[in-house]
Amino acid sequence: MKKVSLEKCTSYQYDAVRESIRKTISNLGGLSLYVQPGERVLLKVNLLMKKRPEEATTTHPVFVQALADELLDYGCHVLIGDSPGGPFTEGALRGIYKVCGYEAIAEISDVTLNWKLGGVQVKHEHGVILKQLTVVEFLKDVDKVISVSKLKTHGMMKFTGAVKNMFGIIPGLLKAEYHFKMPEVKDFSQMLVDVCSYADPVLSFMDGIVGMEGAGPSGGDPREIGVVIGSDSPYHLDVIATQVIGIEPLSVPTIARSMETGFLDGNFNDIEVVGLPIDTWCISDFKAPNIRSVEFLSRMPRLVKRLGDKAVRPRPVFMHSKCVGCGDCAEACPPHVIEMRGNKPYVNLDGCIRCFCCQELCPALAVEIKRPWMMKWLTR
Ligand code: SF4
Ligand code: SF4
């Protein structure tokens, strides 16, 4: 049986967040079940890109600070880290820590921000498709890992929660290589579950005070949800998080793969919800992307895919009027099918694997995912 705690919190006022996190920890049986005084604990936050906290793309700094302070008071050493999207450089980290509000946490609390940029190769005997992988070097500096994710939608995965948050232990642009090697949703989501099972977080927290709906994980709209979720299992946390926002859990590929891999019971009978009941949140209008169109075509034979490409396949569309010509999309594109001409991106859709990294990492919200009407009709 795994526990998932739900608590209400409707603002990022420090005392309110700390109180919700304290209740969450208590609902889960107390910190002593998971970490010990003196241990080095990594808070694996979501720092996808340089966005202000109120844009709801990254884990809110007050949420992270409140959790870090609980761990510090208990006697743990706290390292805060993530390998964001795009290049993993000191300059990129500095900008992200500053804009996302993390520089300020390090000034107030006795936490350490990660500056290590290297990767190390590791074996993962229990991985289903990843038997070995390269992970961030700083993972080796800690005794325990805690996932601290943001509740958001995702263009390829529909929902990005505690499990997908662990993809940030893959350093920098190597993430794009994984996209390229595993372009099908099924393989990619299994890879995410493998990465999560390698990281094996002892606890998982989700900042759902203000989440993101619509074109997540970076181009959507902030949505007030008012929930703090915690669990001793990232797989079970994601199930309850999707139920809170009215998404059918098994429509999320990482949840389906977690079940196939044996991390979740088939009927979700192995989840004990503690704290407040799910129906405290009656959210029926949460806007999530319809990814069936992405999955539907990935199951088709190659010839059908090619013939039906334009008519049915969702595709990235670059809005040159909004584009600031930074080139981040071209740099991050796994198959390198984006070419910058006259400071504007042009894509060769023949080689596009529909990973939507370009949309995810565009700082100007200049990339939209268009779903052709025929696919909308076929998968309605
Ligand atoms: S589309 Fe976005 S990421 Fe690509 S060059 Fe323009 S602003 Fe940069
Ligand atoms: S163009 Fe965008 S969606 Fe297509 S492969 Fe490149 S990053 Fe992925």
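Just so it is clear, the model here is predicted, and its values are computed rather than measured. (Residues numbered from 1 in each chain as written. Chains lettered and ligands numbered in written order. Predicted model: local features only at pLDDT ≥ 70, side-chain atom pairs only at ≥ 80, totals over all residues.)

(A) Focus on the overall build of the protein. Check the secondary structure of the protein and you find 14 helices and 15 strands. Taking 2.2 N^0.38 as the reference for a compact globule, 380 residues should give roughly 21 Å; the C-alpha atoms of the protein span a radius of gyration of 20 Å, in line with that estimate. Considered along the principal axes of its C-alpha atoms, the protein spans approximately 60 × 45 × 40 Å. Long-range pairs, those at least 24 residues apart, make up 76% of the contacts in the protein with a sequence separation of at least 6. (Helix = DSSP H or I, 4+ residues; strand = E, 2+ residues; numbered from the N terminus. Rg over C-alpha atoms; globule rule 2.2 N^0.38 Å. Contact = placed C-beta atoms within 7 Å.)

(B) Looking closely at unusual backbone geometry. Residue proline 217 is reached from glycine 216 by a cis peptide bond, and omega for that bond is 15°. In this fold, proline 217 is placed in the loop between strand 9 (203-213) and strand 10 (221-231). Even without a glycine there, the phi angle at aspartate 200 is positive, about 50°. Inspection of the secondary structure assignment puts aspartate 200 in the loop between helix 7 (185-199) and strand 9. Judged by the 11 C-beta atoms lying within 10 Å of it, aspartate 200 falls in the exposed class. (Buried ≥ 20, exposed ≤ 12 C-beta atoms within 10 Å, placed from the backbone.)

(C) Highlighting the site of ligand 1. Taken together, the neighbourhood of ligand 1 is formed by 13 residues, with Cys323, Cys326, Cys329, Cys362 and Ala364 sitting nearest. Here the residues of the shell around ligand 1 sort into 10 nonpolar, two polar and one charged. (Near = placed C-beta within 6 Å. Nonpolar A, V, L, I, M, F, W, Y, C, P; charged D, E, K, R; others polar.)

(D) Summary view of the packing of helix 1 (residues 14-27) against helix 2 (residues 61-74). In contact at an axis separation of 9 Å, helix 1 and helix 2 are set at 55° when each is read in the N-to-C sense. Here helix 2 runs oblique to helix 1, going by the angle between their axes. At the point where helix 1 passes helix 2, the crossing takes the right-handed sense. Facing helix 1, whose interface residues are Tyr14, Val17, Arg18, Ile21, Arg22 and Ile25, helix 2 presents Val62, Phe63, Ala66, Leu67, Asp69 and Glu70. Of the residues in the contact of helix 1 with helix 2, the class split is eight nonpolar, no polar and four charged. (Axes fitted to C-alpha atoms, helices over the stretch in contact; angles between N-to-C directions. Parallel < 35°, antiparallel > 145°, perpendicular 65-115°, else oblique. Left-handed = near helix turned anticlockwise from the far one by under 90°.)

(E) Summary view of the site of ligand 2. Neighbouring ligand 2 are 14 residues; Cys333, Cys352, Cys355, Cys357 and Cys358 lie closest to it. Grouping the constituent residues of the shell around ligand 2 by class yields 13 nonpolar, no polar and one charged.

(F) Focus on the packing of helix 8 (residues 234-244) against helix 9 (residues 253-261). Close contact between helix 8 and helix 9 brings their axes to 10 Å; oriented N to C, the two are set at 135°. Here helix 8 is positioned oblique relative to helix 9, judged by the angle of their axes. Helix 8 and helix 9 meet at a crossing whose hand is left-handed. For the pair formed by helix 8 and helix 9, the contact residues are Tyr235, Asp238, Val239 and Thr242 on the first element and Thr254, Ile255 and Ser258 on the second. For the contact of helix 8 with helix 9, a count of residues per class yields three nonpolar, three polar and one charged.

(G) Just the domain arrangement of the protein, in detail. What the domain assignment lists for the protein is domain 1 (2-280) and domain 2 (292-378). Distance from the C-alpha centre of domain 1 to the C-alpha centre of domain 2: 26 Å. Facing the 19 residues of domain 1 at the interface are 18 residues of domain 2. When the residues that make up the side of domain 1 that touches domain 2 are grouped by side-chain class, the tally is 10 nonpolar, six polar and three charged. (Domains from an automatic or database assignment.)

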